[in-house]
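The chain contents come next:
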Amino acid sequence: MSRPKYEPGAKTARDQVIESFWALLERKPYEKMGVREIIRAAEVNKNTFYHHFENIDDLAQQAIDEALPKELCKFFLMEGGSARKDALFLMSAPYTAARFDRVKVMLSDNGVALQGRVKLKVIDAWREALGLDAFSEIQRRLALFLAGGIISTLQGRDPREYPTVLSELAGTKPLQAFMEELSSWKS
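Residues numbered from 1 in each chain as written. Predicted model: local features only at pLDDT ≥ 70, side-chain atom pairs only at ≥ 80, totals over all residues. Heavy atoms only, no water.

A. Structural detail: the packing of aromatic side chains. Tallying each qualifying case throughout the model produces 6 aromatic pairs. Both rings, one in F21 and one in W22, keep their centres 5.2 Å apart while their planes meet at 70 degrees; by these two values the pair is edge-to-face. One aromatic cluster in this structure is built from F21, W22 and Y30. (Phe/Tyr/Trp six-rings, centres within 6.5 Å; stacked < 30°, edge-to-face > 60°.)

B. Summary view of the environment of D101. Relative to the helices and strands, D101 is located in helix α7 (residues 94–106). With 79 residues separating them along the chain, D101 and W22 place their C-alpha atoms 10.0 Å apart. (Helix = DSSP H or I, 4+ residues; strand = E, 2+ residues; numbered from the N terminus.)

C. Region of the structure containing the side chain of Q139. Inspection of the secondary structure assignment puts Q139 in helix α9 (residues 137–154). The residues contacting Q139, other than those within four sequence positions of it, are A134 and W185. (Contact = heavy atoms within 4.5 Å.)

D. Up close: empty space enclosed by the protein. Counted under the stated rule, the structure contains 1 cavity of 30 Å³ or more. In this structure, the largest cavity encloses a volume near 100 Å³. Lining the largest cavity we find 13 residues, and of these L72, V122, I150, I151 and L154 sit closest to its centre. For the lining of the largest cavity, the elements supplying multiple residues, two or more each, are α5 (70–74), α8 (115–129) and α9. Of the residues assigned to the lining of the largest cavity, the class counts are 13 nonpolar, no polar and no charged. (1 Å grid on protein atoms, 1.4 Å probe; cavity = no way out; pocket = protein on both sides within 12 Å on 5 of 7 lines; lining within 4 Å. Points joined across faces, edges and corners; volume = space filled by probe spheres on them. Nonpolar A, V, L, I, M, F, W, Y, C, P; charged D, E, K, R; others polar.)

Dropping the structure here:
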C-alpha cells in the first residue's frame, strides 16, 4: 500500500496527532489521557500513532521539544543589551507567541505531570548553550532550581506577558547572580 500524499501545507498524520494532544491537554490532565482518545481526535489509526511515537510519553516529549521556544530557554544566558533585545523581539513574534500558548498549557494544572520534562528541556538548552557535555551534580541542582523558579513565575500568566515578565525577572540582582554563576561554567 502506498503512503498517503499530502497537499503542500497540509498537516501530516504526525502533526494531527500532536495537535490533538495539545487540544486534549487543554481539557484534560495528561495522566488521564489515552492513546485511543488521541487517535480518535486526530482521526488516525493506532498503527499511524505507533509509526510516529513509541507511546504517549514519547508523544508528550516530542510535543514539548517542538513547542518550547529555544529563545525562552536561552534568554537568561544572553549577555544583556542587543542580544536580550533580539530575544525579546523573537519571543514577541507571532510564531513564538503561538508556541507560548502551548507553554501555558504545559504549566497549567492539566500539565503538572509534564512540568518536570519542561524543566529538563530548559536546563538541557542551557547546558547546550554553555557548550557543556554534562552538568556536575551541583550545577544540575542549581539549574533545576533556576528553571523551577522561572516556570513558577510564568504559571497562570497570559502568554503575551511572558516576554515582559521574563525581562523584568532577568533584571533582578538575585537572578543575575545565579545566571552569572551558571554562565561561568562555559567550556
